Amino acid sequence: MGDAACDDAVEQLAGLLDKVDAPLKKTFENVHQGYPTETLVRFLKAREWHVNKAQKMLVESLNWRIQNEIDSILEKPIIPVDLYRSIRDTQLVGLSGYSKEGIPVLAVGVGLSTYDKASVNYYVQSHIQINEYRDRFILPMVTKKYGRPITTCIKVLDMTGLKLSALNQMKIVTAISTVDDLNYPEKTETYYIVNAPYIFSACWKVVKPLLQERTRKKVHVLRGCGKDELLKIMDYSSLPHFCRREGSGASKHSSSDPDDCFSLDHPFHQELYNFIQEQALNMELIKQGSMHVNIPDQDPEDAKIVGVIEAEFHKLSVQNGSTNGADKE
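Residues numbered from 1 in each chain as written. Predicted model: local features only at pLDDT ≥ 70, side-chain atom pairs only at ≥ 80, totals over all residues. Heavy atoms only, no water.

The name given to the protein in an unreviewed UniProt entry is CRAL-TRIO domain-containing protein, with the source organism recorded as Urochloa decumbens.

Counting across every chain of the model gives 17 salt bridges. For the salt bridge of Glu48 with Arg214, the shortest nitrogen-to-oxygen distance reads 3.1 Å. Taken as a pair, Glu48 in the loop between helix 3 (36-46) and helix 4 (51-67) and Arg214 in helix 9 (residues 213-216) lie far apart in primary sequence, 166 residues in all. In this structure, Glu132 engages Arg65 in a salt bridge whose closest nitrogen and oxygen atoms are separated by 2.9 Å. Of this pair, Glu132 sits in helix 6 (residues 120-146) while Arg65 sits in helix 4, placing them 67 residues apart in sequence. Side by side, Glu132 and Arg65 carry an identical accessibility label, which is buried. Overlapping salt bridges, with partners in common, bring together Glu48, Glu186, Arg214 and Lys218 in one network. (Salt bridge = Lys/Arg side-chain N within 4 Å of Asp/Glu carboxyl O. Helix = DSSP H or I, 4+ residues; strand = E, 2+ residues; numbered from the N terminus. Buried < 20%, exposed > 50% of the residue type's maximum accessible area, 1.4 Å probe, protein only.)

A separate point is the environment of Glu278. Tracing the sequence through the fold places Glu278 in helix 11 (residues 267-283). With 204 residues separating them in the primary sequence, Glu278 and Leu74 have C-alpha atoms 9.5 Å apart.

Turning our attention to unusual backbone geometry. Here Ile79 and Pro80 are connected by a cis peptide whose omega angle stands at 0°. Relative to the assigned elements, Pro80 resides in the loop between helix 4 and helix 5 (81-90). The backbone of Glu186 shows a phi angle near 55°, a positive value even though the residue is not glycine. Mapped onto the elements, Glu186 comes out in the loop between helix 7 (170-183) and strand 4 (188-194). Overall, Glu186 belongs to the buried group, its relative accessible area being 14%.

Quick look at the UniProt feature "domain: CRAL-TRIO" (unreviewed entry) in the protein now. The sites that UniProt annotates as "domain: CRAL-TRIO" (unreviewed entry) are residues 80-240. Each end of residues 80-240 is marked by a C-alpha atom, and these two atoms are 28 Å apart; helix forms 43% of the span and strand 17%. (UniProt positions renumbered as here; feature names shortened; annotations may be inferred.)

With that settled, consider the packing of aromatic side chains. Counted under the stated rule, the structure contains nine aromatic pairs. A ring pair is formed by Tyr115 and Tyr123, whose centres lie 5.3 Å apart and whose planes are at 80°; its orientation type is edge-to-face. What makes Tyr123 buried here is its relative accessible area of 0%. A centroid spacing of 6.0 Å and a plane angle of 15° characterise the contact between Phe200 and Trp204, whose relative ring orientation is stacked. Of this pair, Phe200 and Trp204 both sit in helix 8 (residues 198-207), four residues apart, which is roughly one turn of that helix. We note that Phe200, like Trp204, is buried. Ring pairs connect the aromatic residues Tyr133, Phe137, Phe268 and Phe275, which therefore count as one cluster. (Phe/Tyr/Trp six-rings, centres within 6.5 Å; stacked < 30°, edge-to-face > 60°.)

In this section: the side chain of Glu186. Among the polar contacts listed, one links the side chain of Glu186 to the side chain of Arg214, at a separation of 2.3 Å. A polar contact is formed between the side chain of Glu186 and the side chain of Lys218, at a distance of 3.0 Å. With sequence-adjacent residues up to four places away left out, Glu186 is seen in contact with Arg42, Lys45, Ala46, Thr152, Arg214 and Lys218. (Polar contact = N/O pair within 3.5 Å; in protein donor to acceptor, adjacent residues only side chain to side chain. Contact = heavy atoms within 4.5 Å.)

A few words on helix 2 (residues 22-32). By the burial criterion, the buried members of helix 2 are Leu24, Thr27, Phe28, Val31 and His32. Down the axis, helix 2 shows its buried residues gathered within 135° of arc, on one side only. Residues of helix 2 that are exposed and point more than 90 degrees away from the buried face comprise Ala22 and Lys26. For helix 2, the elements touching its buried residues are helix 1 (3-17), helix 3 and helix 4. Positioned one or two residues after helix 2, Gln33 has a phi angle of 50°, which is positive. (Arc of directions from axis to C-beta.)

An ideal rise of 1.5 Å per residue puts 20 Å on 14 residues; helix 7 measures up with 20 Å between its terminal C-alpha atoms. Within helix 7, ten of the 14 residues are buried, leaving the element largely enclosed by the surrounding structure. For helix 7, the set of buried residues is Met170, Ile172, Thr174, Ala175, Ile176, Thr178, Val179, Asp180, Leu182 and Asn183. For helix 7, the secondary structure elements touched by its buried residues are helix 3, helix 4, helix 6, strand 3 (153-158) and helix 12 (300-319). (Expected span 1.5 Å × (residues − 1).)

Okay, the confidence of the model for the protein next. Close inspection of predicted coordinates is inappropriate for parts of the model with low pLDDT. Looking at the protein, pLDDT values average 89 and 91% of them are 70 or higher. Low pLDDT (under 50) marks residues 322-329, which in the prediction has 13 contacts with non-local residues, meaning those over four places away or in another chain. (pLDDT = per-residue confidence, 0-100.)

Structure representation (structure tokens):
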């Protein structure tokens, strides 16, 4: 699409958004953080620049925010802290640092996340809290520091430990990715895949052709732990811990390692947790119990991709001949 056509689409979408109710406009401010145009562009990209489809997506997302009280999710700590620690130990995600251009680098331990210590609600709540903290505090902070809008992040996905039994977590992973696709579209600039075992490569071969070209271009599968490639765009101090050393066991998750950006003891998680606790105290709102966030319906195209992944995993486990063998790397 030419620049003029893009500008025209943004203008049309902005015009449609002007007509929505006040509560939707209010929550949209929390989404765009002073950069409405960049936000409209994200939703337009996600719907291949179809203005009406992008408008429907955006309005549904704003309604989802209101119905699920997403604007106040950073005032709702997951307590007690032991429960939160067990979530951090099983939903491996963290901020390891920033690229040389100031873009936040989020690390995700895809292969070693087990999601087995809490209900789906808690995992979804914790994921959305990280998203909202990134969008409302981290991105505005780096935007100010670099003097230009920084509205996306980089994700480094560690596939260490990926096994066929990962299918058991498919439901939670799908719920989280559906929340992201429909409410935080185009927030990730690039996905770097590291430490990929055979099972990932086999799956990637069948999934890659199904992805939209826009998504496909964002995914880079790096050799080994990806250190050399990643050092071109970030300093060593921002490398996720699992990219720092080659060799087996390089990315075993250990809560006690101060460099482990998945750990609750890492400065990012400490800041986030303390921030949410403080907000809650200000609101005098601390209550036990998880929030029930409605998971939006999955996009049919995404559902198809999940089906293909499941079929591929099934095929690999049959080839391996037994459930015991199914977890060979």
